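Residue-level structure breakdown
One letter stands for each residue in the lines below.
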Amino acid sequence: MLKKTTFLTLLALGVAAVAPQTASSKDRRGEQNEARAQMMAGKVKSIRSIENQILPRMAGSEYIGPEFDPNALVYRLKFIRDGRVLFVDVDGRTGAILRQTR
């Protein structure tokens, strides 16, 4: 009986741990689809174009990846350097850096 209870508890914890990741991945796909739609409509530059511009400026940092805000048309590129997370916010229309944490 104890083994069954332990198994069910671990199973429940495993399901709880996976649920937020699934929601997050759905949000991420929606974000990617919106960025692509905006790019295809000619409203923003492609993420590859933005990355090609920004990544060389962030030497010594590990690139984590982008996020896209469809309301503001802003890409947020995330990096790690010396254990700190750095953000670079880029105007998706022009490619201009709007904000950068240091």
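Note that the structure is predicted; figures quoted are calculated from it, not measured.

1. Some details on the nonpolar core
- Membership of the largest hydrophobic core comes to 14 residues, with the highest contact counts inside it found for Ile50, Ile54, Tyr75, Leu77 and Phe79.
- Breaking this core down by element, the ones donating at least two residues are helix 2 (47-54), strand 2 (74-81) and strand 3 (84-91).
- Beyond its immediate chain neighbours, meaning those up to four positions away, Leu77 contacts Ile47, Ile50, Glu51, Ile54, Leu55, Tyr63, Gly65, Pro66, Leu86, Phe87 and Val88.

2. Brief notes about the sheet that holds strand 1 (residues 62-69)
- Spatially, 1-2-3-4 is the arrangement adopted by the four strands of the open sheet, whose pairing is antiparallel. This sheet does not close on itself; its edge strands, each paired only once, are strand 1 and strand 4 (97-100). Taken pair by pair, the neighbouring strands of this sheet meet at an average axis angle of 20°, ignoring direction.
- For strand 3 and strand 4, the ladder comprises three bridges, and the chain directions are antiparallel. Residue pairing for strand 4: Val88 is matched across the bridge by Gln100.
- Sheet strands touched by helix 2: strand 1, strand 2, strand 3 and strand 4. Its angle to strand 2, the strand with the most contacts, is close to 45°.

3. Quick word on the confidence of the model for the protein
- Counting all residues, the mean pLDDT for the protein is 80, and 73% of those residues have values of 70 or more.
- Across residues 5-23, confidence stays below pLDDT 50; counting only partners more than four residues off in sequence or on other chains, it has zero contacts.

4. Some thoughts on the pairing of strand 2
- Two elements, strand 1 and strand 2, share seven bridges in a ladder whose sense is antiparallel. The partner of Glu67 across the bridge, within strand 2, is Arg76.
- Taken together, strand 1 and the strand that follows it, strand 2, pair antiparallel across an intervening segment of four residues, in which Leu73 is found at a positive phi of about 55°.
- Counting the residues in the hairpin turn of strand 2 and strand 3 gives two residues, including Asp82, whose phi is positive at 50°.

5. Overview of helix 2
- Within helix 2, burial applies to Ile47, Ile50, Glu51 and Ile54. Taken around the axis of helix 2, the buried residues stretch over an arc of 100°, which confines them to a single face. Exposed and oriented more than 90 degrees from the buried face of helix 2 are Arg48 and Asn52.
- Buried residues in helix 2 make contact with strand 1, strand 2, strand 3 and strand 4.

6. A few points about the environment of Glu31
- Secondary-structure assignment places Glu31 in helix 1 (residues 2-40).
- Sequence-wise, Glu31 and Phe68 are 37 residues apart; in three dimensions their C-alpha atoms are separated by 6.0 Å.
- Residues contacting Glu31, with those up to four places away along its chain left out, are Pro66, Glu67 and Phe68.

Scoring rules and cut-offs
- Position numbers for residues start from 1 in each chain and track the written sequence from start to end.
- At least 70 in pLDDT is required for a residue's local features to be given in this predicted model, at least 80 for side-chain atom pairs to be given and counted, and no such filter applies to totals for whole chains, interfaces and linings, which use all residues.
- Heavy atoms throughout the structure, all of them, feed into the side-chain values; hydrogens and water do not.
- As used in this record, nonpolar core signifies buried Ala, Val, Leu, Ile, Met, Phe, Trp, Tyr and Cys residues forming a set joined through side-chain atoms within 4.5 Å.
- Per-residue accessibility, obtained with a 1.4 Å probe over protein chains only, is compared with the maximum for each type, and a residue is labelled buried under 20%, exposed over 50%, and partly exposed between these values.
- Secondary structure follows DSSP: runs of H or I at least 4 residues long count as helices, runs of E at least 2 residues long count as strands, and numbering of each begins at the N terminus.
- Contacts: residue pairs with any heavy atoms within 4.5 Å of one another.
- Only strands joined by at least two bridges in the DSSP assignment are considered to pair.
- Between N-to-C directions, angles span 0 to 180 degrees; the directions come from axes that are lines fitted to C-alpha atoms, helices contributing only their stretch in contact.
- Along the chain, pLDDT gives the predictor's confidence residue by residue, from 0 to 100.
- Directions are taken from the helix axis to each C-beta atom, and the arc is the one they span.

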